[in-house]
Amino acid sequence: MSSRPILRRCVACRQLLDRRQLWRVIRDHKDGVLLDEGMGRSAYLCTNEDCLEEARRRKRLQKSLRCQVPDAVLATLLERLTPGNQGSAEAN
């Protein structure tokens, strides 16, 4: 196995980072938009408030996933920013 990190680009700030440092938002063909799990078209987002706000304001997730992203998904990501809510959550 290779020890090189797998890099992904944040849709908001366009910075290349190891994929373990980013949130993964997935458009699944059955379940809609999910967080962290599933197969389908993916977009990655930095785990900071500035990138979340930029992605929301400029609709970067919608453009990248080519679908509407529910407000519940954005609210879940915002909750993850607050201390003590670092668990993985799924949103439909």
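Please read all numbers here as calculations on a predicted model, not as lab measurements. (Residues numbered from 1 in each chain as written. Predicted model: local features only at pLDDT ≥ 70, side-chain atom pairs only at ≥ 80, totals over all residues. Heavy atoms only, no water.)

Visitor: Now, about the sheet that holds strand E4 (residues 32-35): what can you tell me, with residues and values included?
Guide: Taken in spatial order, the three strands line up as E4-E3-E5 in an open sheet, and their pairing is antiparallel. Each edge of the open sheet carries a strand with a single partner, namely E4 and strand E5 (41-46). Going across the sheet, the axis of each strand differs from the next one's by a mean of 25°, ignoring polarity. With four bridges joining them, strand E3 (residues 22-28) and E4 adopt antiparallel strand pairing. (Pairing = 2+ DSSP bridges. Helix = DSSP H or I, 4+ residues; strand = E, 2+ residues; numbered from the N terminus. Axes fitted to C-alpha atoms, helices over the stretch in contact; angles between N-to-C directions.)

Visitor: Could you give an account of the nonpolar core, with specific residues and numbers?
Guide: Residues Cys 10, Val 25, Leu 45, Leu 61, Val 69 and Leu 77 are the most contacted members of the largest nonpolar core, which totals 22 residues. Where this core is concerned, the elements lending two or more residues are E3, E4, E5, helix H1 (49-57), helix H2 (60-65) and helix H3 (71-81). With four residues, E5 is the largest single contributor of residues to this core. Each residue touching Leu 45, except ones within four places of it in the same chain, is listed here: Cys 10, Val 11, Ala 12, Leu 22, Trp 23, Cys 51, Leu 52, Ala 55, Leu 61 and Leu 77. (Core = buried A, V, L, I, M, F, W, Y, C linked by side-chain atoms within 4.5 Å. Buried < 20%, exposed > 50% of the residue type's maximum accessible area, 1.4 Å probe, protein only. Contact = heavy atoms within 4.5 Å.)

Visitor: Explain H3 residue by residue, including any values.
Guide: Three or more residues of H3 are buried, namely Val 73, Leu 74, Thr 76, Leu 77 and Arg 80. The buried side chains of H3 occupy one side of the element, clustering within an arc of 155° when seen end-on. (Arc of directions from axis to C-beta.)

Visitor: Just give me the short version of unusual backbone geometry, but keep the residues and values in it.
Guide: Of all residues except glycine, most have a negative phi; of all peptide bonds, most are trans. Its identity as a non-glycine residue notwithstanding, Asp 36 has a phi of 70°, on the positive side. By the secondary structure assignment, Asp 36 is in the loop between E4 and E5. The phi dihedral of Arg 66 falls on the positive side, at around 60°, and the residue is not glycine.

Visitor: Give a description of the pattern of salt bridges that names residues and reports values.
Guide: Pairing is possible between side chains of opposite charge, provided their charged atoms come close. For the coordinates displayed, the defined rule picks out six salt bridges. Two residues, Asp 36 and Arg 80, come together in a salt bridge whose shortest N-O distance is 2.7 Å. Of this pair, Asp 36 sits in the loop between E4 and E5 while Arg 80 sits in helix H3, and the two are 44 residues apart along the sequence. Glu 54 serves as the salt-bridge partner of Arg 60, at 3.9 Å between the closest nitrogen and oxygen. Look at Arg 60 and you get partly exposed, because its relative accessible area is 23%. Among the charged side chains, a salt-bridge network with shared partners connects Glu 54, Arg 57, Arg 58 and Arg 60. (Salt bridge = Lys/Arg side-chain N within 4 Å of Asp/Glu carboxyl O.)

Visitor: Describe the environment of Thr 76, listing the residues and the values that go with them.
Guide: Tracing the backbone shows Thr 76 in helix H3. For the pair Thr 76 and Leu 35, spaced 41 residues apart in sequence, the C-alpha separation works out to 9.0 Å. Within the structure, Thr 76 has its side chain in polar contact with the backbone oxygen of Ala 72 (distance 2.8 Å). (Polar contact = N/O pair within 3.5 Å; in protein donor to acceptor, adjacent residues only side chain to side chain.)

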